[in-house]
Amino acid sequence: MDRLLLGDNQFFGVNHMSEEKARAQAIRFQSMKAVYQVLDAANDEGIQTFMCTTHERVTEICEHVRANPERYPKYAFYPCMPYAHKYANAATEDGIFGALKRFMPQQGILSTAIRGGMSLATKDVEGITKLLIDAEMKAFHGLRTPVIFLQNVVADLLLGLGMKEAFAIFAAHIRSKYHAEPGFITMNLPMMLDALDEVGIENPIVCSSINKLGFRMCGGIEAYLRVLRERKFRAVAMSIFASGAIPPQEAIEWVCSQPNIDSIVFGASSRSNIRSTKQLVDKYWKRND
């Protein structure tokens, strides 16, 4: 994995600390041109991996990258699925069966319908899961997707329900069909590592909040520091700035000093922020190599 990954929260009006900032970002990025300018700025600074949800507008980004291979020759996407709001809205509008039908792959519709019907009739979670993964991945055809993540909304729900085998189903399908590494996003890193260990997923890629304030780190910062020291996994740190509560230099110096951090994912909406973040990461990561 690259050390620095560009996230997509800023493009869709997500800010965990300020609703006012979230609204301002949503307004600014209504234009896809504004989104592409940020992607280009990051690409020019050497950040060539976009860790993104499967939001409907990401499909447009995928089409843009496919249409401009000379501009993005080494570009990679790390899809994070499912985009839960999309399914919740569809279920509200069309019901459960209607929502599933809306998101099933279009090719081989008869086969898909039969498989989906049998899955629903037999409560075949594995069958439904594979169909929905394939539907989510359709937007990324022809693009590099070396890591594919299970979003925290679903991952942590499964974790809370004790449905740990679902993680193994997800991992096996991602590896076999997409020849990619499965990743898991969680708000409870220690508990997620225990669950993945139980179902035999070795040295997993796990993305979670990691910052010096313990912001959005369920289980407490000491538990996180302990697993970073003692467990074998590949950590992707998000929320390193605690939504702006920690100054950039302080935040990056701290997270780069922790063991076992493979990557940092961050959101930025200007070339200057992207450049300064990369310079700080290069400085402090090099110091701790």
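Residues numbered from 1 in each chain as written. Predicted model: local features only at pLDDT ≥ 70, side-chain atom pairs only at ≥ 80, totals over all residues. Heavy atoms only, no water.

Draft legend 1. Main features of the packing of helix α7 (residues 152–161) against helix α9 (residues 189–198). The N-to-C vectors of α7 and α9 enclose an angle of 70 degrees; their axes lie 11 Å apart at closest approach. By the angle class used here, α7 and α9 are roughly perpendicular. Between α7, through A155, D156 and L159, and α9, the contact on the second element is made entirely by M191, M192 and A195. For the contact of α7 with α9, the per-class residue count stands at five nonpolar, no polar and one charged. (Axes fitted to C-alpha atoms, helices over the stretch in contact; angles between N-to-C directions. Helix = DSSP H or I, 4+ residues; strand = E, 2+ residues; numbered from the N terminus. Parallel < 35°, antiparallel > 145°, perpendicular 65-115°, else oblique. Contact = heavy atoms within 4.5 Å. Nonpolar A, V, L, I, M, F, W, Y, C, P; charged D, E, K, R; others polar.)

Draft legend 2. Here's a closer look at helix α2 (residues 32–44). A rise of 1.5 Å per residue sets the reference length of α2, with its 13 residues, at 18 Å; its end C-alpha atoms lie 18 Å apart and thus fit the reference within 8%. The element α2 is extensively covered by neighbouring structure, given that ten of its 13 residues are classed as buried. What α2 keeps buried is the set M32, A34, V35, Y36, V38, L39, D40, A41, A42 and N43. Two to three positions downstream of the cap, the backbone nitrogen of K33 sits 3.2 Å from a side-chain oxygen, assigning the N-cap of α2 to S31. Downstream of α2 by a residue or two, G46 has a phi angle that is positive, lying close to 90 degrees. (Expected span 1.5 Å × (residues − 1). Buried < 20%, exposed > 50% of the residue type's maximum accessible area, 1.4 Å probe, protein only. Polar contact = N/O pair within 3.5 Å; in protein donor to acceptor, adjacent residues only side chain to side chain.)

Draft legend 3. How the structure looks around the side chain of S208. Topologically, S208 is positioned in strand β6 (residues 205–209). If sequence neighbours within four positions are ignored, S208 has contacts with T186, L189, Y224, V236, A237 and M238.

Draft legend 4. Molecular detail of the confidence of the model for the chain. Confidence along the chain averages 86 in pLDDT terms, with 80% of residues attaining 70 or more. In this model, residues 107–114 is a region of pLDDT below 50 whose contacts with residues beyond four sequence positions or in other chains number five contacts. A low-confidence stretch, residues 118–123 stays under pLDDT 50, and its non-local contacts, those more than four residues away or across chains, total six contacts. (pLDDT = per-residue confidence, 0-100.)

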